[in-house]
Amino acid sequence: MENAVFIGLSQQMALKRRMDITANNLANVNTTAFKAEHPLFEEFLVKRLNEDDVSFVQDYGSYRDLREGEFTRTGRPLDIAISGDGYFSIETPDGVRYTRNGSFRLDTEGTIVSINNQPLLDENGRTIKVDVQFQDVSIAPDGTITTGEGQTQKIDVVKFNNPQILKQVGNGLYDAEDYASVPAVDVQIMQRTLEKSNVQPILEMTAMIDIMRAYQSAQKLLDSEHDMQMKAIEEMPTVQ
């Protein structure tokens, strides 16, 4: 009898994890270049001597939807988007991090920084500085930045053999840990453009409803099993 309870609880724990991920997707529906995540589940078998195996539910990870979001024109010269498989390199106090959020600006010293004041890096690992007196900043499709005085630097755009290994660290940044990056040569930089989140709200809302129904079904199983146990306890003195 306890097996049904344990199986129901394992399902509810997995559903709770799925709900957390779905809620996070919906919360980031308007976050620039956000990539939706989805959980991964597998069957976990418990072998028993001279009895049938018991099948539990186990959530062992998640995967990131790497499809591009919709591109929207903003008109701002330092709003840039990547068309293709690539990431910008950002200098942070914890080391180089990667992002597809191309919403940049100039700080007081003319350094191109992210919305969190973290410098954008060029292909040589240097910060990119622009003379603030030149307001005309041109960014070519290959990432080359040109200012009015002819100053040029090329934005570092990299990719990974398996982008799923990137770990989210907040603020749209990813940590590659010990995995090596390679230059992304088959991408195109679009100036005055931002990439939207690829979250599909209708699908996420539908998934949330399905999760709630599945959770309620599992709860009914647990309640039914509890009633059976209580009834068995009540009838035990009579049987004896």
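For the structure itself, consult the block above.
Residues numbered from 1 in each chain as written. Predicted model: local features only at pLDDT ≥ 70, side-chain atom pairs only at ≥ 80, totals over all residues. Heavy atoms only, no water.

### Some details on the environment of Thr 74
For step 1, the next point in the chain: Tracing the sequence through the fold places Thr 74 in the loop between strand E3 (71–73) and strand E4 (80–83).
For step 2, the next point in the chain: Since its relative accessible area comes to 33%, Thr 74 is described here as partly exposed.
For step 3, the next point in the chain: Sequence separation between Thr 74 and Arg 192 is 118 residues, and the spatial gap between their C-alpha atoms is 5.4 Å.
For step 4, the next point in the chain: Once residues within four sequence positions are removed from consideration, Thr 74 is found in contact with Asp 79, Arg 192, Thr 193 and Leu 194.
For step 5, the next point in the chain: Within polar-contact distance, the side chain of Thr 74 engages the side chain of Asp 79 at 2.8 Å. (Helix = DSSP H or I, 4+ residues; strand = E, 2+ residues; numbered from the N terminus. Buried < 20%, exposed > 50% of the residue type's maximum accessible area, 1.4 Å probe, protein only. Contact = heavy atoms within 4.5 Å. Polar contact = N/O pair within 3.5 Å; in protein donor to acceptor, adjacent residues only side chain to side chain.)

### Section: the side chain of Glu 37
For step 1, the next point in the chain: Its place among the elements puts Glu 37 in strand E1 (residues 37–46).
For step 2, the next point in the chain: Since its relative accessible area comes to 17%, Glu 37 is described here as buried.
For step 3, the next point in the chain: Within the structure, Glu 37 has its side chain in polar contact with the side chain of Gln 168 (distance 2.7 Å).
For step 4, the next point in the chain: Not counting chain neighbours up to four residues away, the residues in contact with Glu 37 comprise Ile 21, Asn 25, Ser 62, Tyr 63, Arg 64 and Gln 168.

### Topic: the sheet that holds strand E11 (residues 152–154)
For step 1, the next point in the chain: The three strands lie next to each other as E9-E10-E11, forming an open sheet whose pairing is antiparallel. Taken across any chain shown, the strands that pair with only one partner, and hence form the sheet edges, are strand E9 (138–139) and E11.
For step 2, the next point in the chain: Judged from the two bridges that link them, E9 and strand E10 (residues 144–146) form a sheet pairing that is antiparallel. Each residue of the ladder has a partner; that of Ile 139, found in E10, is Ile 145. (Pairing = 2+ DSSP bridges.)

### Some details on the pairing of strand E6 (residues 95–99)
For step 1, the next point in the chain: Across five bridges, the pairing between strand E5 (residues 87–92) and E6 is antiparallel. Residue pairing in the sheet places Glu 91 in a bridge with Val 96 of E6.
For step 2, the next point in the chain: Remark: two residues form the turn of the hairpin made by E5 and E6, two consecutive strands paired antiparallel.

### Re unusual backbone geometry
For step 1, the next point in the chain: A positive phi angle is found at Asn 171, which is not glycine, with a value near 60°.
For step 2, the next point in the chain: The topology assignment puts Asn 171 in the loop between strand E13 (167–170) and strand E14 (173–175).
For step 3, the next point in the chain: Asn 171 sits in the exposed class, given a relative accessible area of 58%.
For step 4, the next point in the chain: The residue Glu 177 is not glycine, and still its phi comes out positive at about 55°.
For step 5, the next point in the chain: With respect to the element layout, Glu 177 can be found in the loop between E14 and strand E15 (182–183).

Geometry only, nothing functional implied.
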